[in-house]
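# Observations on the model geometry
Chain by chain, the residues run as shown.
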Amino acid sequence: MIVSIAADHAGFEEKQRLVGYLAELGHEVIDRGPNSDDRVDYPDFAALVARDVASGEAERGVLVCGTGIGMAVAANKVHGIRAANVTSPEFAALAREHNDANIVTVSGRFVTDEVNRAIVKTFLETEFGGGRHAGRVEKIMALEQ
Ligand code: RB5
């Protein structure tokens with residue numbers, strides 16, 4: 001799977017670890033930066049990944065900031081994006097099964113690398129459930145009109 005990933009300064013170190021982990025899992029990684037932990041503004045990096053996913057250049061996205069919250073709020077402003085801020089593998093599965101989330105945002109400051117790895121793996125390997133969830137996701141997307 002092609003996965004676009006980015007972070008801000010608070011998520012930089014965790015993003016570097018997740019880039020390696022995604023490659024280990026066999027995914028093709030588009031690393032949208034940053035390339036250092038210099039202070040940056042998370043909406044700039046959320047936009048890069050969100051546009052990769054919305055355009056189809058990447059199939060899924062991963063964003064890391066201090067909490068994951070700012071990245072989710074920013075990414076969800078881009079049409080076509082359903083970004084979920086996730087702190088457990090269980091929520092990663094539900095974000096895929098129920099919400100068809102196409103970007104997962106995680107915390108570089110409050111969640112361990114081990115848990116973030118499990119979140120990302122689950123997020124990439126879980127299919128959308130469809131069925132009763134499909135109409136609800138359609139209603140979410142209709143809100144963009
Ligand atoms: C940066 O200090 C912090 O605000 C950012 O990483 C993120 O947690 C915002 O939601």
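In short, a report on the structure. Quick caveat: nothing in here was measured; it's all calculated off a predicted structure. (Residues numbered from 1 in each chain as written. Predicted model: local features only at pLDDT ≥ 70, side-chain atom pairs only at ≥ 80, totals over all residues. Heavy atoms only, no water.)

## Here we look at unusual backbone geometry
Defined as follows: Only DSSP runs of H or I covering at least 4 residues are called helices, and only runs of E covering at least 2 are called strands; the numbering of each starts at the N terminus. Think of it in three bands: residues with accessible area under 20% of the maximum for their type are buried, residues over 50% are exposed, and the middle band is partly exposed, with areas taken using a 1.4 Å probe on protein chains only.
The omega torsion across Gly-33 and Pro-34 is 0°, close enough to zero to call that bond cis. Position of Pro-34 relative to the elements: it lies in the loop between β2 (28–31) and α2 (42–55). A positive phi angle, close to 50°, is found at Asp-100, a residue other than glycine. Here Asp-100 falls in the buried class, since its relative accessible area comes to 18%.

## Things to note about the environment of Thr-67
Counted only if it meets this: Whether two residues are in contact is decided by their heavy atoms: any pair within 4.5 Å suffices. Polar contact criterion, stated in full: a pair of N or O atoms within 3.5 Å, where within protein one must be able to donate a hydrogen and the other to accept it, and residues adjacent in sequence count only if both atoms are side-chain atoms.
As for its placement among the helices and strands, Thr-67 is situated in the loop between β3 (60–65) and α3 (69–75). Counting along the chain gives 20 residues from Thr-67 to Thr-87, while the straight-line C-alpha distance between them is 9.2 Å. Beyond its immediate sequence surroundings of up to four residues, Thr-67 is in contact with Asn-85, Val-106, Ser-107 and Phe-110. From its side chain, Thr-67 meets the backbone nitrogen of Ile-69 in a polar contact 2.9 Å long.

## Remarks on the nonpolar core
As a reminder of what qualifies: In these notes, a set of buried Ala, Val, Leu, Ile, Met, Phe, Trp, Tyr and Cys residues joined through side-chain atoms within 4.5 Å is what counts as a nonpolar core.
Leu-18, Val-62, Val-86, Val-104 and Ile-119 are the most contacted members of the largest nonpolar core, which totals 19 residues. Going through the elements one at a time, β1 (2–7), α1 (12–24), β3, α4 (89–97), β5 (103–107) and α5 (113–125) are the ones with two or more residues in this core. It is α5 that provides the largest number of residues to this core, a total of four residues. Setting aside residues up to four positions removed in sequence, Leu-18 forms contacts with Ile-5, Val-62, Val-64, Val-106, Asp-113, Asn-116, Arg-117 and Val-120. Counting residues in hydrophobic clusters, the runner-up holds 17 residues, among them Ala-46, Ala-50, Leu-63 and Ala-83.

## Comments concerning the sheet that holds strand β4 (residues 83–85)
Remark on secondary structure: sheet strands pair via backbone hydrogen bonds, oriented parallel or antiparallel. As a reminder of what qualifies: Strands qualify as paired when DSSP identifies two bridges or more between them. Orientation is described by axes fitted as lines to C-alpha atoms, over the contacting stretch for helices, and by angles from 0 to 180 degrees between their N-to-C directions.
If you trace the five strands from one edge of the open sheet to the other, you get β2-β1-β3-β5-β4, paired in parallel fashion. The open sheet has two edge strands with one neighbour each: β2 and β4. Mean inter-strand twist for the sheet, computed between neighbouring axes without regard to direction, equals 20°. Of the strand pairs in this sheet, β4 and β5 are connected by three bridges, and their pairing is parallel. Paired with Ala-84 across the two strands is Val-104, which belongs to β5. Against the sheet, α2 engages β1, β2, β3 and β5, with an angle of about 170° to β3. Here α5 sits on the sheet and contacts β1, β3 and β5; the angle it forms with β5, its principal contact strand, is near 175°.

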